[in-house]
Amino acid sequence: MSKLLHKLFGGLNMTWPKVIIMAVIAGIYTAMMAAWVPATCSFHDISVTAEAWVPLALIIMLNCKGPLESALKTFVFFLISQPLVYLFQVPFNEMGWELFGYYRYWFFITLFTFPAAFIGWYVKKNNLLAALILSPILVLLVYQGISYVITLRHEFPNHLISAIYCFLIIPFLIFGLFSDKKPILLSFAISLAAVIALFLLKWNAPGAEFLSANVLLASETYELDSSWSASVEDESFATAEMESFPNGRVNVIVHYKKAGTGVLVLTDGQGNTHRIQLTLSEEKSLDEKLID
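Calculation rules
Counting of residues starts from 1 at the beginning of each chain's written sequence and follows it residue by residue. The model is predicted, so local features are restricted to residues of pLDDT at least 70 and side-chain atom pairs to those at 80 or more, both for listing and for counting; the totals for chains, interfaces and linings are taken over all residues. Note: side-chain values were computed over all heavy atoms of the structure, leaving out hydrogens and water. Here the term cavity refers to a set of points on a 1 Å grid, laid over the protein atoms alone, in which a 1.4 Å probe fits but cannot get out; the term pocket refers to an open set having protein on both sides within 12 Å along at least five of seven lines, with lining residues being those that place an atom within 4 Å of a point. Grid points are joined across faces, edges and corners, and a volume is the space filled by probe spheres set on the points. In this classification, Asp, Glu, Lys and Arg are treated as charged, Ala, Val, Leu, Ile, Met, Phe, Trp, Tyr, Cys and Pro as nonpolar, and every other residue, Gly included, as polar. Distance thresholds for patches are 9 Å for like charges and 5 Å for nonpolar side chains (Val, Leu, Ile, Met, Phe, Trp, Tyr), applied to residues having over 30% relative accessible area and no salt bridge. Computed with a 1.4 Å probe, the accessible areas rest on the Shrake-Rupley method; for each residue, only the protein chains presented here act as cover. When a carboxyl oxygen of Asp or Glu is within 4 Å of a side-chain nitrogen of Lys or Arg, the pair counts as a salt bridge. Secondary structure counts use DSSP, requiring at least four H or I residues in a row for a helix and at least two E residues in a row for a strand, with both numbered from the N terminus. When a residue's accessible area, from a 1.4 Å probe over protein chains only, is under 20% of the maximum for its type it is buried; when over 50% it is exposed; and in between it is partly exposed. Between the rings of Phe, Tyr and Trp (Trp by its six-membered ring), a pair exists once the centres lie within 6.5 Å; its type follows the angle of the planes, with under 30 degrees stacked, over 60 edge-to-face, and the other angles tilted.

J.: Can you break down the layout of surface pockets residue by residue, with the values?
T.: In this structure, the second largest pocket encloses a volume near 550 Å³. For the second largest pocket, the lining is made up of 23 residues, of which Met61, Phe112, Ala116, Ile137 and Leu140 are closest to its centre. Counted by class, the lining of the second largest pocket contains 20 nonpolar, 3 polar and no charged residues.

Put into structure tokens, the structure is as follows:
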């Protein structure tokens, strides 16, 4: 197993055609998961969070002959794969081309991959510095894993596979990337410290999110634009924000912290307020009722 992992992370010939083929396959697969798999399922998570993209990036990064090649090929991989995720969903999603409003988040991540992959190539050095370079990835995996574990308190077994994956992939990466004892021990120490710290910080954190959802508003009644604002009267129940898209469409997103009832207040550009009663059950059933 160790030889196979070392082959995967450094023993392949990562040509440009392979990078492009990987990008296309990853983009189409992710689009399929986003379009046809429920959001509560672990297989949908690849379209929302970054942990599943970590080994793909590392495979490209560490099978390059130098840091510049690593940066270029990793950047192009994400530059191709991420737009494809949205492009292949367009025919199957009611939002159509508006889906590309969500690409902004992944576009900034794509830009970041160039310097990250340039530095990340030095993980191949198999020393203590290499372990430190790998540490942000390990912390990211731990962070996502803890987040899924916390979600399981309310939504079991939703995202169970994602939680297992985040913690299981860590030793595979460490043993696949390093053969020397020092970087292996340091990497495990960093991972364990991250688990303890993030568990203590997130498990009983006040205001931990219970559910996020868009508020369904009739467009003919609520002509939302960037001048509108949103708030919830009782912020211990939920908070609200406006989400704008490049095409001008605006959504209201409510971040629920617990089950219960609260009042959403929408304020338009002229200062007029609209109050909507929000009710969230323990089973995460939502009810929205106009008050005034």
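J.: So what about a nonpolar patch on the surface? Which residues, and what values?
T.: Residues Trp16, Leu68, Leu72, Phe118, Ile119 and Tyr122 make up a contiguous nonpolar surface patch of about 530 Å² in total accessible area. Residue assignment for the nonpolar patch shows that the elements contributing at least two residues are helix 4 (67-87) and helix 5 (103-120). Position of Ile119 relative to the elements: it lies in helix 5. The partly exposed category is assigned to Ile119, whose relative accessible area is 47%.

J.: Tell me about the packing of aromatic side chains, and name the residues and values.
T.: One pass over the full model with this rule turns up 11 aromatic pairs. Considering the side-chain rings of Trp53 and Trp106, the 6.3 Å spacing of their centres and the 55 degrees angle between planes classify their relative orientation as tilted. Here the residue Trp53 occupies a position in helix 3 (residues 53-62), and Trp106 occupies one in helix 5, the gap between them amounting to 53 residues. For Trp53, a relative accessible area of 2% puts it in the buried group.

J.: Residue-level account of empty space enclosed by the protein, with values.
T.: Taken as a whole and assessed by the stated rule, the structure comprises 1 cavity of 30 Å³ or more. By volume, the largest cavity amounts to about 30 Å³. Looking at the largest cavity, the residues that line it are Thr30, Ile46, Ser47, Trp53, Gln82, Val85, Tyr86 and Trp106. It is helix 4 that provides the largest number of residues to the lining of the largest cavity, a total of 3 residues. In the lining of the largest cavity, the residues fall into 5 nonpolar, 3 polar and no charged.

J.: Could you give an account of the environment of Gln270, naming the residues involved and the relevant values?
T.: Its location among the elements puts Gln270 in the loop between strand 5 (260-267) and strand 6 (273-280). Judged by relative accessible area, Gln270 falls into the exposed class, the value being 67%.

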